[in-house]
Amino acid sequence: MRPRLPAVVVAFLAGAAVMAVELLLPRLSARHLGTSAEVWTALFAVVLTGIALGNTLGGRLADARPSSRTEALVLAAAGAAVFAIPALDRLAESALRSLSLLPRAILSMAVCALVPTTLLGAISPILARNALATSTRPGRT
């Protein structure tokens with residue numbers, strides 16, 4: 001049995017959303033952080049940390065509550081977190097103004113991107129667990 005097409009599509013779209021956050025956030029924050037190597041490095045560090053945390057937490061959540069409802073709740077939370085990024089960027093801009101560039105860039109990227117990328121990173125393990133639960137051939141799933 002091949003993987004369910006919707007699960008494959010959702011996993012692809014979650015990865016695309018991470019990439020969209022990664023490409024759009026520096027443009028959004030350029031007006032107050034600039035576009036230096038420090039800003040891009042902070043972004044990459046935060047995004048990779050979010051993905052790693054999401055994979056870990058998503059795996060634990062999938063084992064604790066394996067259901068399509070968990071899938072839907074994480075997807076909804078991820079969508080809400082992504083749409084909150086512009087508001088979080090404005091908040092970070094005003095709250096972190098007094099810091100020097102590197103700490104301001106790291107904290108600003110963390111405020112804006114850590115929760116969305118963690119939630120997006122949690123989706124794949126949940127999808128995989130749910131696909132395995134319904135599969136008769138786990139090696140191919």
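Residues numbered from 1 in each chain as written. Predicted model: local features only at pLDDT ≥ 70, side-chain atom pairs only at ≥ 80, totals over all residues. Heavy atoms only, no water.

## Focus on the pattern of salt bridges
Reasoning step 1: Within the structure shown, the criterion is met by 3 salt bridges.
Reasoning step 2: Among the salt bridges present, the one from R31 reaches D89, with a minimum N-O distance of 3.1 Å. A residue pair is termed long-range when its members are at least 10 positions apart, and R31 in helix α1 (residues 5-33) and D89 in helix α4 (residues 85-95) qualify at 58 residues.
Reasoning step 3: A residue is classified by how much of its surface remains accessible, and R31, at 52% relative accessible area, is exposed.
Reasoning step 4: A salt bridge links E93 to R31, with the shortest nitrogen-to-oxygen separation between them at 3.1 Å. Remark: R31 occurs in helix α1 and E93 occurs in helix α4; sequence separation between them is 62 residues.
Reasoning step 5: According to the relative accessible area criterion, E93 is partly exposed, its value standing at 22%.
Reasoning step 6: Connected through shared salt-bridge partners, R31, D89 and E93 make up one network. (Salt bridge = Lys/Arg side-chain N within 4 Å of Asp/Glu carboxyl O. Helix = DSSP H or I, 4+ residues; strand = E, 2+ residues; numbered from the N terminus. Buried < 20%, exposed > 50% of the residue type's maximum accessible area, 1.4 Å probe, protein only.)

## Digging into the packing of α4 against helix α5 (residues 101-133)
Reasoning step 1: Interhelical geometry of α4 versus α5 gives an angle of 155° and a closest axis separation of 8 Å. Judged on the interaxial angle alone, α5 and α4 are roughly antiparallel. Note that α4 runs across α5; the crossing there is right-handed. Listed contacts from α5 to I85, L88, D89 and A92 of α4 are S108, V111, C112 and P116.
Reasoning step 2: In terms of residue class, the contact of α4 with α5 is built from 6 nonpolar, 1 polar and 1 charged. (Axes fitted to C-alpha atoms, helices over the stretch in contact; angles between N-to-C directions. Parallel < 35°, antiparallel > 145°, perpendicular 65-115°, else oblique. Left-handed = near helix turned anticlockwise from the far one by under 90°. Contact = heavy atoms within 4.5 Å. Nonpolar A, V, L, I, M, F, W, Y, C, P; charged D, E, K, R; others polar.)

## A closer look at the confidence of the model for the chain
Reasoning step 1: The predicted model of the chain has a mean per-residue pLDDT of 90, with 93% of residues at 70 or higher.
Reasoning step 2: No element of the chain has a lower mean pLDDT than α1, at 91, and none a higher one than helix α2 (residues 37-64), at 95. (pLDDT = per-residue confidence, 0-100.)

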